[in-house]
Amino acid sequence: MAHKQKPTQPNLRDPAHSGSFNAWLLGSSIASLASAIHLIRDSNVPAACIHLVESRRDSGADLAVVGDPKSGYDHRAACMPILSDTCIKEIFTSVPSTTDSGKTVMDNIEKAKKGQAPTCLFIQGGHDLEMIDNSKFSVGLKVRAQLVVFMMKPEKSLSRREIKHFFEKRFFDSKFWAIWSSIFSFCPWHSALEFRRCLRRYFRQFQSLNTFAMLDRCRYCPYEDIIGPLTRFLQNQGVDFRFNSKVTDMTVDSGQDNGAVSGFKFIQNGSESIVSVSPRDIIIMSPGSVMSGSTGGTNSIPPSLELLDVEDKLDENWSLWLGVSPNLGDPYNFCTRISESRLESFTITIKDIGFSSLLQVLTHSKGSSSSLVSLRHSNWFLCLYIPHQPFFPHQPNDVQVLWGYGSFPEREGNFVRKPMLRCSGREIMIELLQHLDVPLEHPILNNSITIPRLMPRLTAPLLSRNYSDRPGIISESMANLAVVGQFVEMPDESCATMDYSVRGAQAAVYHLMGLQKEPRKSEQSSIPNILGF
């Protein structure tokens with residue numbers, strides 16, 4: 001792995017290096033926030049020397065959630081956190097809570113989850129939903145055997161291959177695939193290499209946790225529990241946030257051994273600035289973005305279907321990667337294959353129906369547990385998540401918020417005879433209710449507002465690829481540059497969860513700052529684990 005190379009940057013903790021130093025973190029991402037935290041915590045870098053250049057308008061600009069109870073919420077779900085993952089848990093347990101003295105961000109999440117029933121899982125059977133018995137669910141022997149044969153293939157043989165190249169149709173009709181694809185957003189045409197890594201990383205957790213605890217996410221939406229608290233912590237420490245900014249150019253000076261970033265330009269609030277980067281400074285860049293190009297609709301209007309050119313309306317993470325791409329992989333492999341990477345989400349805001357009543361109507365079950373519903377017979381392959389309420393901190397008591405997505409939005413619906421891409425929010429709700437055998441005369445339809453959102457690159461990190469398509473964390477051609485996020489290459493790790501970005505940020509800081517450390521190894525599932533031994 002690239003970060004094992006001999007460090008080229010001085011360790012700031014060495015008294016011999018007390019000169020000026022700046023760390024520039026370019027691009028909006030959880031990886032940039034994690035990089036800043038590790039610079040402060042592990043390298044003793046003064047917060048004022050850390051600069052985040054990102055497109056958020058300000059610290060309160062919520063990129064994950066917009067809307068309100070009256071007009072309908074719009075939850076822009078991206079990469080899911082699994083809170084038991086090693087690196088992301090380290091971050092949460094090291095950052096103090098901004099609301100409870102003496103507590104951490106992880107303490108807040110765990111406190112809110114105490115007493116909550118675990119997430120229930122429903123899979124579409126014939127005409128009814130089948131509730132999966134958490135204590136009895138197991139992966140069938142035939143599916144295990146198929147997975148073992150697949151796992152025995154060398155990883156290099158999977159380069160550029162898709163999952164569907166290795167499994168028959170009956171595999172994709174299995175309960176295992178219905179659950180796995182609903183959790184991790186895999187489709188049959190996604191990368192076989194990435195699927196193998198995800199199996200090795202999460203199969204043991206998937207199979208051994210009978211309560212499906214990996215589905216029990218945050219107390220609120222991920223922005224409120226993760227991005228917001230980390231941003232506020234860094235601001236309180238004195239980190240320099242350059243909001244509403246976009247890097248437009250980067251200058252690289254070539255040396256005898258390798259080059260180094262010597263400067264970059266960025267536009268902030270319409271004004272261009274030029275930053276000179278000294279040999280001692282470091283740059284940590286987040287290439288690519290899964291939220292780039294997303295368009296929203298309303299309860300009565302579908303999202304815009306305007307096709308976006310490759311370099312038109314791409315956010316700063318893509319623009320920066322495209323600008324330096326000759327030495328950092330192939331961004332075009334990920335940002336141009338929209339028909340394979342797009343996914344359509346929807347957020348449902350429901351008034352005047354209690355949570356227990358809502359579960360009874362939608363899942364025909366009693367109780368007050370959050371639920372994941374996989375509609376595997378849906379032409380759109382709909383997945384509905386009914387989270388614990390409230391989903392947002394200031395959500396009114398008489399309002400419930402649900403969200404979901406369709407993996408095949410280009411297909412015609414089973415009941416609404418047109419592609420999901422061309423449906424209004426109400427039409428998506430009608431399709432959903434009919435799959436759930438809920439009469440359209442039920443008050444839930446008229447008491448709900450559904451906001452659709454088309455996200456053309458949401459699953460781009462899962463696309464089939466060559467090894468060279470992703471850059472390594474440490475650039476071999478630029479001594480003071482590291483790249484982090486879902487689009488970097490980390491052997492044996494899966495980019496399907498947020499931990500990947502946090503782990504990459506940790507590795508980048510350790511290397512650039514000359515620390516003799518590496519991220520803790522993640523647990524891997526072996527073939528005996530999959531066979532059940």
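Residues numbered from 1 in each chain as written. Predicted model: local features only at pLDDT ≥ 70, side-chain atom pairs only at ≥ 80, totals over all residues. Heavy atoms only, no water.

J.: What is the right way to read the overall build of the chain from this model?
T.: In terms of helices and strands, the chain carries 16 helices and 18 strands. Taken over 533 residues, the chain has a buried fraction of 58%. When the accessible area of the chain is evaluated, it comes to approximately 21200 Å², of which 49% is carbon and sulfur surface. (Helix = DSSP H or I, 4+ residues; strand = E, 2+ residues; numbered from the N terminus. Buried < 20%, exposed > 50% of the residue type's maximum accessible area, 1.4 Å probe, protein only. Areas by Shrake-Rupley, 256 points an atom, 1.4 Å probe, with all protein chains shown as cover.)

J.: Sorry, what's going on with the packing of helix H2 (residues 86–94) against helix H15 (residues 499–512) here?
T.: Helix-helix packing is characterised by the crossing angle of the two axes and by the distance between the axes. Two elements in contact, H2 and H15, have axes whose closest approach is 7 Å; the angle formed by their N-to-C orientations is 75 degrees. Of the possible angle classes, the one that applies to H2 and H15 is roughly perpendicular. Residues Thr 86, Cys 87, Ile 88, Glu 90 and Ile 91 of H2 pack against Asp 499, Val 502, Arg 503 and Gln 506 of H15. The residue inventory of the contact of H2 with H15, partitioned by class, reads 4 nonpolar, 2 polar and 3 charged. (Axes fitted to C-alpha atoms, helices over the stretch in contact; angles between N-to-C directions. Parallel < 35°, antiparallel > 145°, perpendicular 65-115°, else oblique. Contact = heavy atoms within 4.5 Å. Nonpolar A, V, L, I, M, F, W, Y, C, P; charged D, E, K, R; others polar.)

J.: I'm lost on helix H6 (residues 175–184) in this one. Help?
T.: For H6, a buried count of 9 out of 10 residues is recorded, marking the element as mostly surrounded by other parts of the structure. Turning to H6, its buried residues are Phe 176, Trp 177, Ala 178, Ile 179, Trp 180, Ser 181, Ser 182, Ile 183 and Phe 184.

J.: For this particular structure, what's the right way to read the environment of Ala 36?
T.: Its location among the elements puts Ala 36 in helix H1 (residues 30–43). Judged by relative accessible area, Ala 36 falls into the buried class, the value being 0%. Between the C-alpha atom of Ala 36 and that of Ala 505, which follows or precedes it by 469 residues, the distance is 8.6 Å. Ignoring anything within four residues of it in the chain, the contact list for Ala 36 reads Leu 25, Ile 50, Leu 52 and Leu 234.

J.: Would you explain the sheet that holds strand E8 (residues 245–253) in this entry?
T.: Consider a sheet: its strands pair through backbone hydrogen bonds, and that pairing is either parallel or antiparallel. With antiparallel pairing, the 3 strands of this open sheet are ordered in space as E8-E9-E10. Edge positions in the sheet fall to E8 and strand E10 (271–276), since each has one partner strand and no second. With strand direction ignored, the average angle separating the axes of adjacent strands in the sheet is 20 degrees. Two elements, E8 and strand E9 (residues 260–268), share 8 bridges in a ladder whose sense is antiparallel. (Pairing = 2+ DSSP bridges.)

J.: What exactly am I supposed to notice about the packing of aromatic side chains here?
T.: Two aromatic rings are characterised by how far apart their centres lie and by the angle between their planes. The full count for this structure, using the stated rule, is 30 aromatic pairs. Between Phe 167 and Phe 195 the ring centres are 6.0 Å apart and the planes differ by 75 degrees, which places this aromatic pair in the edge-to-face class. Of this pair, Phe 167 sits in the loop between helix H4 (141–151) and helix H5 (169–172) while Phe 195 sits in helix H7 (residues 192–208); the two residues are 28 residues apart in sequence, bridging distant segments of the chain. Residue Phe 167 is classed as buried on the basis of its relative accessible area, which comes to 7%. (Phe/Tyr/Trp six-rings, centres within 6.5 Å; stacked < 30°, edge-to-face > 60°.)

J.: Explanation requested: the pattern of salt bridges in the structure shown.
T.: Two side chains that carry opposite charge are able to pair once their charged atoms sit near each other. One pass over the structure, following the stated rule, counts 24 salt bridges. Residue Arg 170 pairs with Glu 168 through a salt bridge whose shortest N-O separation is 3.4 Å. By relative accessible area, Arg 170 is classed as exposed at 57%. Ionic contacts of the salt-bridge type, sharing partners, join the residues Glu 155, Glu 194, Arg 196, Arg 197, Arg 465, Arg 470 and Glu 489 into one network. (Salt bridge = Lys/Arg side-chain N within 4 Å of Asp/Glu carboxyl O.)

J.: So what exactly am I meant to see when it comes to the packing of H1 against H15 here?
T.: Orientation of H1 relative to H15, taken along the N-to-C sense of each, is 40 degrees, at an axis distance of 8 Å. As judged from the angle between their axes, H1 and H15 are oblique. Read as a crossing pair, H1 and H15 show a hand that is right-handed. Contacts between H1 and H15 pair Ile 30, Ala 31, Ala 34, Ser 35, His 38, Leu 39, Arg 41, Asp 42 and Ser 43 from the former with Ser 501, Val 502, Ala 505, Gln 506, Val 509 and Tyr 510 from the latter. (Left-handed = near helix turned anticlockwise from the far one by under 90°.)

J.: Can you help me understand the side chain of His 190 in this one?
T.: Looking at the element boundaries, His 190 is found in the loop between H6 and H7. Every residue in contact with His 190, bar those within four places of it in the chain, is listed here: Arg 161, Glu 162, Ile 163, Ser 185, Glu 340, Thr 459, Leu 462 and Leu 463.

J.: Please clarify how the nonpolar core should be interpreted in this entry.
T.: Taken as a class, soluble globular proteins show a tendency for nonpolar side chains to be buried jointly. Counting residues in each nonpolar core, the largest one holds 131 residues, and the members touching the most others are Leu 26, Leu 147, Phe 176, Trp 180, Phe 195 and Phe 264. Residues Leu 358, Val 373, Leu 375 and Leu 432 belong to the second largest nonpolar core, which totals 31 residues. (Core = buried A, V, L, I, M, F, W, Y, C linked by side-chain atoms within 4.5 Å.)

J.: Could you clarify how one ought to interpret helix H9 (residues 316–324) in this entry?
T.: By the criterion of burial, H9 is predominantly enclosed, with 7 of the 9 residues buried. Considered for burial, the residues of H9 that qualify are Glu 316, Asn 317, Trp 318, Leu 320, Trp 321, Leu 322 and Val 324. Against strand E1 (23–26), E8, strand E11 (282–285) and helix H10 (332–335) lie the buried residues of H9.

J.: Explain the sheet that holds strand E6 (residues 129–131) to me, please; I cannot follow it from the model alone.
T.: Read across the sheet, 8 strands follow the order E6-E5-E14-E15-E16-E13-E17-E12 without closing on themselves; strand pairing throughout is mixed. Looking at which strands have only one partner, the edges of the open sheet turn out to be E6 and strand E12 (295–296). By the bridge criterion, 8 bridges tie strand E13 (residues 343–351) to strand E17 (residues 448–455) in an arrangement that is antiparallel. For Thr 347, the partnering residue across the bridge sits in E17 and is Ile 451. Sheet strands in contact with helix H13 (residues 425–435) are strand E5 (120–124), E13, strand E14 (371–375), strand E15 (382–386) and E17, and its direction is about 105 degrees off that of E17.

J.: Which parts of the structure should I look at to understand the pairing of E10?
T.: The side chains of a regular strand alternate, residue by residue, between the two faces of the sheet. Pairing of E9 with E10, which is carried by 6 bridges, proceeds in the antiparallel orientation. Each residue of the ladder has a partner; that of Ile 267, found in E10, is Glu 272. Hairpin remark: E9 followed by E10, antiparallel, with 2 residues in the connecting loop; positive phi at Asn 269, about 55 degrees.

J.: Looking at this structure, I do not really get the confidence of the model for the chain. What am I missing?
T.: Interpretation of the predicted coordinates at a detailed level should be avoided for regions scoring low in pLDDT. When the pLDDT values of the chain are averaged, the result is 85; 88% of them are 70 or greater. The lowest-confidence element of the chain is helix H16 (residues 527–531), averaging 74 in pLDDT; the highest-confidence one is H13, averaging 97. Confidence over residues 1–10 falls short of pLDDT 50; this stretch has 32 contacts with residues more than four positions distant or in other chains. For residues 12–16, every residue scores under 50 in pLDDT, and the model assigns this stretch 10 contacts once sequence neighbours within four places are set aside. (pLDDT = per-residue confidence, 0-100.)

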